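# Structure at a glance
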Amino acid sequence: MRIDAISIFADYFQALDLSLLGKAQASGILDFKAHDLRDYTHDKHKTVDDTPYGGGAGMLMKPEPWGEAFDDILSDDLNQTDDRPVIIFTSPAGEVFKQATAHELAQRKHLVFACGRYEGIDQRVVEYAATKGEVRLISIGDYVLNGGEVAAIAMIEAIARLVPGVIGNAESLIEESHSDGLLEYPSYTKPSVWRGLEVPPVLLSGNHAAIAKWRHDQQVERTRQVRPDLLDE
Ligand code: JQB
């Protein structure tokens, strides 16, 4: 899988060189590259922003550097359905990113993350991107960030770990057990008593049916208490 990210803060993406993605990169399963949007400007000050038409506070990202970046990164070769790149605009106005979104995107060959800053990007950039691939506007949740980089890193990590070979099979099976729409059960390791705090005795009983029931009950109870919305879905 190829993943590109376009940003004025390309250094944020160095976080992805650590562990998970770094190993997948070295083995050739993943080809990730962060691009500096300012490399696609031509003026002395490498300007990427301008004032909004119609007035209002703050600055917007001007379209020209984005157009040049897309032309460079997305060669318009005859792209078929699944080979068509997906261009993801991280945006507080997007659909909310879910585990199902990660699974969908993990099937694709080429993802391009467009990470805005300031008050966002000139809307024509989204229209232009649609001539180069399938466009999605995606948010990581209902809170306000200063830009799209942190959101893109979260999405890339969630997507990449689903790509076969990125992590060991043992670990990918763990993910399966958590995609049942319930929160995780609490987990314990050694020692069995730590600072006077005991591990629930059922986990030491060796009774596998009782352990499975206890864990499932814990999942349902936790979900009911903190995320009842997940139970109606
Ligand atoms: C600029 C972003 C997010 C990208 C995701 C999430 O554009 C804005 N509009 C209102 C408030 C703040 C901004 C700043 N901004 C580009 C940009 C915010 C993404 C973002 C996001 N994905 N919150 N904020 N969940």
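Residues numbered from 1 in each chain as written. Predicted model: local features only at pLDDT ≥ 70, side-chain atom pairs only at ≥ 80, totals over all residues. Heavy atoms only, no water.

## Description of the pattern of salt bridges
In the structure shown here, the tally under the stated rule is 12 salt bridges. With a shortest N-O distance of 2.9 Å, R2 and D4 are connected by a salt bridge. The partner of E221 in a salt bridge is R224, and the shortest N-O contact between them spans 2.8 Å. Here the residue E221 and the residue R224 both occupy positions in helix α7 (residues 208–226), the gap between them amounting to three residues, near one helical turn. R224 gets classed as partly exposed once you look at its relative accessible area, which sits at 47%. Sharing partners across several salt bridges, the network here consists of E95, E104 and R136. (Salt bridge = Lys/Arg side-chain N within 4 Å of Asp/Glu carboxyl O. Helix = DSSP H or I, 4+ residues; strand = E, 2+ residues; numbered from the N terminus. Buried < 20%, exposed > 50% of the residue type's maximum accessible area, 1.4 Å probe, protein only.)

## Structural notes on unusual backbone geometry
The amide bond that connects K190 to the next residue, P191, takes the cis arrangement and shows omega of 5°. One can find P191 in the loop between α6 (169–178) and β8 (193–194). For R195, which is not glycine, the phi torsion reads 50° and is therefore positive. Within the fold, R195 resides in the loop between β8 and β9 (197–198). Exposure remark for R195: the relative accessible area of 74% places this residue in the exposed category.

## Observations concerning the sheet that holds strand β7 (residues 134–139)
Strand order in the open sheet formed by five strands is β2-β1-β6-β5-β7, and the pairing between neighbours is parallel. Where the open sheet ends on each side, the last strands, each with one partner, are β2 (31–36) and β7. Between one strand axis and the next, the sheet turns by 25° as a mean value, whatever way the strands run. Both strand β1 (residues 2–7) and strand β6 (residues 110–114) contribute to a ladder of five bridges, which runs parallel. The residue of β6 that forms the bridge with I3 is L111. (Pairing = 2+ DSSP bridges. Axes fitted to C-alpha atoms, helices over the stretch in contact; angles between N-to-C directions.)

## Thoughts on the pairing of β2
Across six bridges, β1 lies against β2 in parallel orientation. Within β2, the residue paired with A5 across the bridge is A34. One crossover worth recording links β1 to the parallel β2 by way of helix α1 (residues 19–26), and it is right-handed. (Right-handed = clockwise from strand over helix to strand, strands pointing away.)

## Brief notes about helix α3 (residues 99–106)
Every buried residue of α3 is listed here: T101, A102, L105 and A106. For α3, the angular spread of buried residues about the axis comes to 130°, placing them on one side. Next to the buried residues of α3 lie β5 (86–96), β6, β7 and α5 (149–160). (Arc of directions from axis to C-beta. Contact = heavy atoms within 4.5 Å.)

## Some thoughts on the nonpolar core
Ranked by size, the top nonpolar core spans 32 residues in total, and within it F13, L111, F113 and I159 carry the most contacts. Secondary structure elements with two or more residues in this core: β1, α1, β5, α3, β6 and α5. Sorting elements by how many residues they give to this core places α5 first, with eight residues. Setting aside chain neighbours within four positions, we find F113 in contact with I3, D4, A5, I6, I88, T90, A152, M155, I156 and I159. If you look at the next biggest cluster of nonpolar residues, it comprises 19 residues, including I6, I8, I87 and A114. (Core = buried A, V, L, I, M, F, W, Y, C linked by side-chain atoms within 4.5 Å.)

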